[in-house]
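Here's the letter readout for the chains.
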Amino acid sequence: MRLRSRHLLGIDGLERSEIDLILDTAESLAEIGTREIKKVPTLRGRTVVNFFIEPSTRTRSSFELAEKRLSADTVNFSASTSSFSKGETLLDTARNLESMAPDFIVIRHSQPGAPHFLARHCSCSIINAGDGAHEHPTQALLDAYTIRRHKGGLRGLRVTIVGDILNSRVARSNLFLLSTMGADVTLCAPPTLMPPGVEKMKCKVTHRVEQALDGADVVMALRIQLERMRAGSFPSLREYATLYGINRERLELAAADAIVMHPGPMNRGVEITGEVADGERSVILEQVTNGVAVRMAVLYLLAGELGREAAA
Amino acid sequence: MPAGKSVRILDASSIDRALTRIAHEIIERNKSLDGLGLVGIRTRGMPMALRLAAKLGRIHSAEPTTGVLDINLYRDDLSLIAAHPVLKKTEIPFEVDGAKIVLVDDVLFTGRTIRAALDGLMDLGRPDWIQLAVLVDRGHREVPIRADYVGKNVPTSRDEQVDVRLKEVDGNDEVLLIRADGAGLASSEPAEEDRQ
């Protein structure tokens, strides 16, 4: 059992067996995070460049922790500290990074496809940590891992995703992953925040949150960005909260043992009330904990593929 | 059945006798089983550890706790082998600090698996001491490691293969010595299940 590529560019194209392998591996690695000394020597001498052109605290520190727990050496570049802000092209930056002989580049970029571009030009392994509104594969994997821990599996589960589907890479990656694994996905958003052509994807689509929540096993709220309101996608945050916000009354419509998720950062009182976010059904902080184990699994498995290609 | 001629060197009852003898030796050598934990190395060290614990329980009334260790994160050949081995869980349900641990594995060969297992255990805490029990010692050590309890010493040549089959994993109990039959067995790339 192994992954077919040395890159993780997206969930789209991953097979069910590969997703299972990553989640099972994460399950085995999770124990390291509970040790007193949270470190194993597995990736000793490997170098990881964390190349974050878009702001991120959660994902970047999660990757960095995952790398450190596997004993890899890490270097961080962010938008403000790199020459990128001085007008260097992505290709030049990539070539310069590559000249330092890293084994991995973890990239977060506002342009969809930036990781794929790097993968074509670099000989190291590329991990997509979020590219524009395209994909955020490790977020979908940690969501799936969290769901699996609570529900035992993904097949046949009713998962409802509510929020800015149009601009969300998290929604996209989750939809690819959950439909591949046989879950039953419902997307819910105002028509202005729903991507065109969504009805062709393997999911149900609704604009009424009550309908979306009815009987759901998993409720995932997505962040609503203030910029979208300015762009005219909806009249006001208060109206969004009234029509689409996940609150206690609405959660009653979901299954009795439904869990509530959010990829962060949250706008309390907009897409989710503080009461629900801190409530007993919320697994939002568990998602963060699980993110480290899932990213360790991705690094471990991709490092194996790098070794395979070097041996070939 | 793998290629090459195979000879059965232990059958079910001799495996059972070997484990019974090891259980007695563990008691004889350590007098008390207080604070003793058995840790089986995946895959076949785990059922062996469980069997040993049951035997110790019958002889000594109190059954020692058992745990299981996956050594793949500690292998010394990760950068050499193609594709990383599938990871399974490490589960040690007792405090490793101050514990008395008997490490259990099926075959002792180069000793590299045991080296990895020792590193893995030490990362979990500081045991009082660690002893090693194996079903078969086939020689050809590459690091200075020896077993405290051995079911059977089997002189082998390097290109032979020792196959331990246990009911819990393989459906039956036996140990086979498989003679090299030309190419294949002497591969420099160990398979996933191979002992290092």
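Below is a short write-up of the structure. Not measured: the values here are computed from a predicted model. (Residues numbered from 1 in each chain as written. Chains lettered and ligands numbered in written order. Predicted model: local features only at pLDDT ≥ 70, side-chain atom pairs only at ≥ 80, totals over all residues. Heavy atoms only, no water.)

## A closer look at the overall build of chain A
Part 1: Counting its secondary structure elements, chain A contains 12 helices and 9 strands.
Part 2: A globule of 312 residues ought to have a C-alpha radius of gyration of about 20 Å, and chain A, at 19 Å, matches this closely.
Part 3: Here the C-alpha coordinates of chain A stretch approximately 55 × 45 × 40 Å along the principal axes.
Part 4: Taken over 312 residues, chain A has a buried fraction of 56%.
Part 5: For chain A, the share of sequence-separated contacts (at least 6 apart) that also reach a separation of at least 24 residues comes to 72%.
Part 6: One finds the centroid of the 38 positive side-chain charges in chain A at a distance of 2 Å from the centroid of its 37 negative side-chain charges. (Helix = DSSP H or I, 4+ residues; strand = E, 2+ residues; numbered from the N terminus. Rg over C-alpha atoms; globule rule 2.2 N^0.38 Å. Buried < 20%, exposed > 50% of the residue type's maximum accessible area, 1.4 Å probe, protein only. Contact = heavy atoms within 4.5 Å. Lys, Arg positive; Asp, Glu negative; His and termini not counted. Charge placed at Lys NZ, Arg CZ, Asp CG, Glu CD.)

## Here we look at the interface of chain A and chain B
Interface size is often expressed as the accessible area that is lost when the parts come together.
Part 1: Taken together, the contacts link 23 residues of chain A with 17 residues of chain B.
Part 2: When chain A packs against chain B, close to 1700 Å² is buried across both sides, 60% of that on carbon and sulfur atoms.
Part 3: Considering only the surface of chain A that becomes buried against chain B, A:Ser28, A:Arg35 and A:Tyr300 emerge as the three largest contributors, covering 30% of it.
Part 4: Put simply, chain A and chain B have 0 salt bridges between them.
Part 5: Taken together, chain A and chain B are joined by 7 residue pairs in polar contact (both at pLDDT 80 or more).
Part 6: Breaking the side of chain A that touches chain B down by element, the ones donating at least two residues are α1 (16–29) and α12 (284–311) of chain A.
Part 7: If you tally residues by element for the side of chain A that touches chain B, the top one is α12(A), at 6 residues.
Part 8: Tallied by class, residues from the side of chain A that touches chain B come to 10 nonpolar, 5 polar and 8 charged. (Buried area = accessible area lost by both parts, 1.4 Å probe. Salt bridge = Lys/Arg side-chain N within 4 Å of Asp/Glu carboxyl O. Polar contact = N/O pair within 3.5 Å; in protein donor to acceptor, adjacent residues only side chain to side chain. Nonpolar A, V, L, I, M, F, W, Y, C, P; charged D, E, K, R; others polar.)

## Let's talk about the pattern of salt bridges
Pairs can form between side chains of opposite charge whenever their charged atoms are close.
Part 1: One pass over the full model with this rule turns up 36 salt bridges over all chains.
Part 2: Connected through salt bridges with shared partners, the residues A:Asp20, A:Asp24, A:Glu27, A:Arg148 and A:Arg149 form a single ionic network.

## Focus on the packing of helix α1 (residues 12–30) of chain B against helix α2 (residues 45–60) of chain B
All names here are of chain B.
Part 1: One can describe the packing of α1 onto α2 by two numbers: an axis separation of 9 Å at closest approach and a directional angle of 60 degrees. Relative to α2, the element α1 is oriented oblique. As for the relative orientation of α1 and α2, their crossing is right-handed in sense. Where α1 approaches α2, its residues Ile15, Asp16, Leu19, Thr20, Ile22, Ala23, His24, Ile26 and Ile27 are matched on the opposing element by Met48, Arg51, Leu52, Lys55, Leu56, Ile59 and His60. (Axes fitted to C-alpha atoms, helices over the stretch in contact; angles between N-to-C directions. Parallel < 35°, antiparallel > 145°, perpendicular 65-115°, else oblique. Left-handed = near helix turned anticlockwise from the far one by under 90°.)

## A word on the sheet that holds strand β3 (residues 104–109) of chain A
All names here are of chain A.
Part 1: Taken in spatial order, the 4 strands line up as β2-β1-β3-β4 in an open sheet, and their pairing is parallel. Bordering the open sheet on either side are β2 (73–78) and β4 (125–131), each of which pairs with just one other strand. Between one strand axis and the next, the sheet turns by 15 degrees as a mean value, whatever way the strands run.
Part 2: Of the pairings in the sheet, the one linking strand β1 (residues 47–52) to β2 comprises 6 bridges and is parallel in character. Paired with Phe52 across the two strands is Ser78, which belongs to β2.
Part 3: Strand contacts of helix α2 (residues 58–69): β1, β2, β3 and β4, with the helix running at about 180 degrees to β1, the strand carrying the most contacts. (Pairing = 2+ DSSP bridges.)

## Focus on the sheet that holds strand β6 (residues 184–188) of chain A
Residue and element names in this part refer to chain A.
Part 1: Strand order in the open sheet formed by 5 strands is β7-β6-β5-β8-β9, and the pairing between neighbours is parallel. Bordering the open sheet on either side are β7 (204–206) and β9 (259–261), each of which pairs with just one other strand. Each adjacent strand pair in this sheet contributes to an overall mean axis angle of 20 degrees, direction not counted.
Part 2: One ladder, built from 4 bridges, connects strand β5 (residues 158–162) with strand β8 (residues 218–221); its direction is parallel. If you follow Val162 over to β8, its bridge partner there is Ala221.

## Overview of the nonpolar core
The nonpolar side chains of soluble globular proteins are, as a tendency, buried together.
Part 1: Core analysis: the biggest nonpolar cluster contains 113 residues, and A:Phe104, A:Leu141, A:Ile161, A:Leu177, A:Leu187, A:Ile246 and B:Leu103 have the highest contact counts within it.
Part 2: The biggest single contributor to this core is α12(A), with 12 residues.
Part 3: Beyond its immediate chain neighbours, meaning those up to four positions away, A:Leu141 contacts A:Leu8, A:Ile11, A:Ile19, A:Ile22, A:Leu23, A:Leu177, A:Val294 and A:Val298. (Core = buried A, V, L, I, M, F, W, Y, C linked by side-chain atoms within 4.5 Å.)

## Concerning the state of the cysteines
Residue and element names in this part refer to chain A.
Part 1: Applying the stated criterion to the full structure yields 0 disulfides over all chains.
Part 2: Distance from the sulfur of Cys188, which forms no disulfide, to the nearest cysteine sulfur (Cys203) is 12 Å.
Part 3: Since its relative accessible area comes to 0%, Cys188 is described here as buried.
Part 4: For Cys203, a relative accessible area of 16% gives the class buried. (Disulfide = S-S within 2.5 Å.)

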